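Per-entry structural report
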Amino acid sequence: MTRGKYDPVAITAAVTGGDVLPSQSSAIPCRVEDVVTQSVAAVEAGASVIHLHARDDDGRPSADQRRFIEIVEGIRERVDAVISISTGGSPHMTAEERLAGALVTRPELATFNLGTMNYEGYPDPARWPSVQHAWEREVLERSGTVVFTNTLAMLRDFAARFKEQGITPELEIYDLSHIGMARYLIDAGVLEAPVRVQFVLGVLGGAGNDLEDLFHLHATARRVLGDDLGVVGVAATGYPMQFRHASLAAGMGLDVRVGLEDSLRMTRAEQAGQNADLVEVAARLVTLQGRALQTPDEVRAGLGPWWSAS
């Protein structure tokens, strides 16, 4: 799908994530009520999509279905937002744990990861953050051994269960090989076109974080997927690349993702106080380029063939 020069784009707020450690910032919401509160504020700042993980109160990534239900219900009671549930969860979760939140909440969207890859968030011990919790120390000490597993059998199973639940998959493109896998899954009838994709930039083990990396991925996706390529979004990690890619994506007519899952900083010296701070910057970058912000209903109108409001 190609948008015109002034067509609106959507902002996704990735409010908590499963990889960033809560000791890195007191702003990361962990308790159910904090995730809900920050999600509501992000919508009020301009986000139309809320991307969710769940955490225990101490910040450990959680597959607890009750927590997902409470978070989603809390958001939906207070604001209109498209809900996107992670099925990446954490590389240390089982496939069933990763699916748990999406299967119990029936969101409009859920992430769909396309290939097994090395996945490193803390590769350099000299730069490890100081942490408060034993589980965070365990995460750091496992660095260098982490594999994010997404076998072909898992992809087929995830796709079938998404279809049963009427959930639109958001295809997470971390690298060029994932575009080829998307092409295969469409041709094999596992996925239905047009597909919704998101380029994820800056994770060690995947594509880099330069602007040229986005150009290359986007051009390749257009060539390989052709008319089967639907809505495209961009999620980039770290400061300043989250904002640089947000600006570039908006200029290209692509959707934008920001949030504490991907970056903790407003400037090199200042951490964000909440997710809404990052959304406000993204909204300004979008509107300065003459684009409006998509409403949740406009996002829903662009979802794939599996989703319906029934």
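Above this text is the structure in question.
Residues numbered from 1 in each chain as written. Predicted model: local features only at pLDDT ≥ 70, side-chain atom pairs only at ≥ 80, totals over all residues. Heavy atoms only, no water.

Topic: the sheet that holds strand S1 (residues 11-14)
- The strand order S1-S2-S5-S6-S9-S10-S11-S12 describes a closed barrel built from 8 strands, whose pairing is parallel. Strand-to-strand twist of the sheet, defined as the mean angle between neighbouring strand axes without regard to direction, takes the value 30°.
- Along the sheet, helix H6 (residues 176-187) makes contact with strand S6 (109-113), strand S9 (168-173) and strand S10 (195-201), crossing S9 at roughly 150°. (Pairing = 2+ DSSP bridges. Helix = DSSP H or I, 4+ residues; strand = E, 2+ residues; numbered from the N terminus. Axes fitted to C-alpha atoms, helices over the stretch in contact; angles between N-to-C directions. Contact = heavy atoms within 4.5 Å.)

Description of the packing of aromatic side chains
- Summed over all chains, the structure comprises 4 aromatic pairs.
- Taking 6.1 Å as the distance between ring centres and 70° as the angle between the ring planes, the aromatic pair formed by Tyr119 and Tyr174 counts as edge-to-face. One end of the pair, Tyr119, is in the loop between strand S7 (117-118) and helix H4 (134-141); the other, Tyr174, is in the loop between S9 and H6, with 55 residues separating them in the sequence. Residues Tyr119 and Tyr174 agree in their burial class; the two are buried. (Phe/Tyr/Trp six-rings, centres within 6.5 Å; stacked < 30°, edge-to-face > 60°. Buried < 20%, exposed > 50% of the residue type's maximum accessible area, 1.4 Å probe, protein only.)

Some points on unusual backbone geometry
- Of note, the amide linkage connecting Ala193 to Pro194 takes the cis form, showing an omega dihedral of 0°.
- For the bond from Tyr239 to Pro240, the omega torsion is 5°, close enough to zero to count as cis.
- Mapped onto the elements, Pro240 comes out in the loop between strand S11 (229-236) and helix H8 (241-252).
- Positive phi is not limited to glycine here, since Arg106 has a value of about 45°.
- Residue classification places Arg106 among the partly exposed residues on the basis of a relative accessible area of 29%.

Geometry only, nothing functional implied.
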